[in-house]
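# Residue-level structure breakdown
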Amino acid sequence: QVQLVESGGGLMQAGGSLRLSCAASGRTFSSLHMGWFRQAPGKEREFVSAISWGYRVYYADSVKGRFTISRDNAKNTVYLQMNSLKPDDTAVYYCAADPSRVAAVRTTSVYDYWGQGTQVTVSS
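Thresholds, definitions, all that
Here the residue numbers are simple positions, counted from 1 along each chain's written sequence. The predicted nature of this model means local features are confined to residues of pLDDT at least 70 and side-chain atom pairs, given and counted, to a pLDDT of 80 or more, with totals for whole chains, interfaces and linings taken over all residues. Neither water nor hydrogens contribute to the side-chain values; these are computed over all heavy atoms in the structure. Paired strands, in this sense, are two strands between which DSSP finds at least two bridges. Every helix listed is a DSSP run of H or I at least four residues long, and every strand listed is a run of E at least two residues long, numbered separately from the N terminus. For helices, the fitted line uses only the C-alpha atoms of the stretch in contact; every axis is such a line through C-alpha atoms, and the angle between N-to-C directions lies from 0 to 180 degrees. In the sections that follow, a salt bridge refers to a side-chain nitrogen of Lys or Arg positioned within 4 Å of a carboxyl oxygen of Asp or Glu. The classification of residues rests on relative accessible area computed with a 1.4 Å probe and restricted to protein chains. Under 20% of the type maximum is buried, over 50% is exposed, and intermediate values are partly exposed. By disulfide we mean two sulfur atoms from cysteines, separated by a distance within 2.5 Å. Two aromatic rings, drawn from Phe, Tyr or Trp (for Trp, its six-membered ring), form a pair once their centres lie within 6.5 Å of each other, and the interplanar angle then sorts them: stacked below 30 degrees, edge-to-face above 60, tilted otherwise.

### Examining the sheet that holds strand 3 (residues 18–25)
The strand order across the open sheet formed by 4 strands is 1-3-8-7, and the pairing between neighbours is antiparallel. Looking at strand neighbours, the two that pair on one side only are strand 1 (3–7) and strand 7 (67–72), the edges of this open sheet. On average, adjacent strands in this sheet sit at an angle of 15° to one another, irrespective of strand direction. Pairing geometry for strand 3 and strand 8 (residues 77–82), over 6 bridges, is antiparallel. Within strand 8, the residue paired with Ala 23 across the bridge is Thr 77.

### Notes on the pattern of salt bridges
Note that side chains of opposite charge can pair when their charged atoms are close. All chains considered together, the criterion is met by 4 salt bridges. Among the ionic pairs, Lys 64 bridges to Asp 61, the shortest N-O distance being 3.3 Å. Note on Asp 61: relative accessible area 67%, which makes it exposed. With a closest N to O distance of 2.7 Å, Asp 89 and Arg 66 form a salt bridge. Here Arg 66 lies in the loop between strand 6 (57–59) and strand 7 and Asp 89 lies in the loop between strand 8 and strand 9 (91–98), a separation of 23 residues in the sequence.

### Thoughts on the state of the cysteines
Taken as a whole, this structure holds 1 disulfide when the rule is applied. Note that Cys 22 is cross-linked by a disulfide to Cys 95, the S-S spacing being 2.1 Å. Its S-S torsion of about -75° marks the bond between Cys 22 and Cys 95 as left-handed, since a negative value means left-handed. Taken as a pair, Cys 22 in strand 3 and Cys 95 in strand 9 lie far apart in primary sequence, 73 residues in all. In terms of burial, Cys 22 and Cys 95 fall into one category: buried.

### Notes on the packing of aromatic side chains
One pass over the structure, following the stated rule, counts 4 aromatic pairs. Taking the centre distance of 6.1 Å and the plane angle of 65° together, the rings of Tyr 111 and Trp 114 count as edge-to-face. According to the relative accessible area criterion, Tyr 111 is buried, its value standing at 4%. Each member of the aromatic cluster is reached from another via a ring pair, and the members are Phe 37, Phe 47, Tyr 111 and Trp 114.

### Let's talk about unusual backbone geometry
One non-glycine residue, Ser 84, adopts positive backbone phi at about 50°. Within the secondary structure layout, Ser 84 lies in the loop between strand 8 and strand 9. Its identity is not glycine, yet Arg 101 carries a phi of approximately 60°, on the positive side. With respect to the helices, strands and loops of the structure, Arg 101 is situated in the loop between strand 9 and strand 10 (113–114). On the basis of relative accessibility, which here comes to 37%, the residue Arg 101 falls in the partly exposed class.

Structural data, given as structure tokens:
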């Protein structure tokens, strides 16, 4: 079992920055693939970013160059630094963990564990 708790969401004006954190417990964090997804009202949950156990990073085209994912294995935490925020980034952001380390990191179904989500709202 893996427990995930996100934090850091909030209200921000367009062009601003936020950093999301996801603290994990219950399993060796360093062995997990970790992902960030988001879901806007009335839309499907979509991939945002992922980082493998080996620190390989992946980004959706919509956030590439603006968002940065990182992990601190000593703190069992994964981060999502979000810069140059846009109103289209408004969504609930979810952290997810994949202990099987499947290569398809952009796919929601490969992740076994999910956090409760944190709201990010970007005003224009």
